[in-house]
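# Results of the structural survey
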Amino acid sequence: MGKIGLENCQFFGHHGYYAKEKEKGNTFEVNVEVEYNFSEAAEKDDLRQGLNYEKLYEEVKSVMLGPSVNLLEHLAQQIIEHIKNKFKGIRAVKVKVAKLRPPIEGDIKSVWVEIEA
């Protein structure tokens, strides 16, 4: 068993609860950690036996650049569902979605949610 991850993937999207967020858009950062058995890929040095991180990234991108949603929680859950539906042998997925420079009065870098399933 092992893990593969994507770290600090940035996307510009129009997700958010408020109309001004959907109109203006914002930068989002996504981290993904997938636990699966990659012993055969490691042993045989064969990408076909493993989880291709380029295809993993494409699943995240399809959600983040897809239709606007209200909540970070919903984005994270959609990413998990896409990953679990696309790839076989996944034991667990952890996704963290952050909204950079949220529309909050104050000095705040980001807000985020993390879901593990």
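The text that follows walks through the structure, step by step, so that each part is easy to find. (Residues numbered from 1 in each chain as written. Predicted model: local features only at pLDDT ≥ 70, side-chain atom pairs only at ≥ 80, totals over all residues. Heavy atoms only, no water.)

### A short note on the overall build of the chain
To keep it simple, the criterion reads: For helices the rule is a DSSP run of H or I covering at least 4 residues; for strands it is a run of E covering at least 2, with both sets numbered from the N terminus onward. Contacts were defined at the residue level, with two residues in contact if any of their heavy atoms lie within 4.5 Å.
Counting secondary structure elements, the chain contains 4 helices and 4 strands. Moving toward the C terminus, one meets the helices and strands of the chain in the order β-α-β-α-α-α-β-β. Seen along its three principal axes, the alpha-carbon backbone of the chain occupies a region of about 50 × 25 × 20 Å. Counting contacts in the chain only where the partners sit at least 6 residues apart, residues at least 24 apart contribute 59% of the total.

### Structural notes on a nonpolar patch on the surface
Note the threshold: The residues that make up patches have over 30% relative accessible area and no salt bridge, and they are joined within 9 Å when like-charged or within 5 Å when they are Val, Leu, Ile, Met, Phe, Trp or Tyr. Where accessible areas are quoted, they stem from the Shrake-Rupley method and a 1.4 Å probe; at the residue level, only the protein chains shown are allowed to cover. Each salt bridge in this description consists of a side-chain nitrogen of Lys or Arg and a carboxyl oxygen of Asp or Glu lying within 4 Å of one another. Each residue's exposure class comes from its accessible area (1.4 Å probe, protein chains only) as a fraction of the maximum for that residue type: buried when under 20%, exposed when over 50%, partly exposed otherwise.
Taken together, the side chains of Tyr17, Tyr18 and Leu71 present a nonpolar region at the surface, about 370 Å² in accessible area. Here Tyr17 lies in the loop between strand E1 (2–13) and helix H1 (19–24). We classify Tyr17 as exposed; its relative accessible area is 56%.

### Digging into the side chain of Asn26
Operational definition: Each polar contact in these results corresponds to two N or O atoms within 3.5 Å; when the atoms are within protein, one needs to be able to donate a hydrogen and the other to accept it, and residues that are neighboring in sequence are counted only if both atoms are side-chain atoms.
Relative to the assigned elements, Asn26 resides in strand E2 (residues 26–36). Within the structure, Asn26 has its side chain in polar contact with the backbone oxygen of Arg101 (distance 3.3 Å).

### Considerations on unusual backbone geometry
Of note in the backbone geometry, Asp45 takes a positive phi value of approximately 55° without being a glycine. Structurally, Asp45 can be placed in the loop between helix H2 (39–44) and helix H3 (53–64). Take Asp45: its relative accessible area is 73%, and that puts it in the exposed class. Despite not being glycine, Arg101 shows a phi value in the positive range, around 45°. By the secondary structure assignment, Arg101 is in the loop between strand E3 (90–100) and strand E4 (110–116). According to the relative accessible area criterion, Arg101 is exposed, its value standing at 55%.

All we've got here are geometric facts, nothing functional implied.
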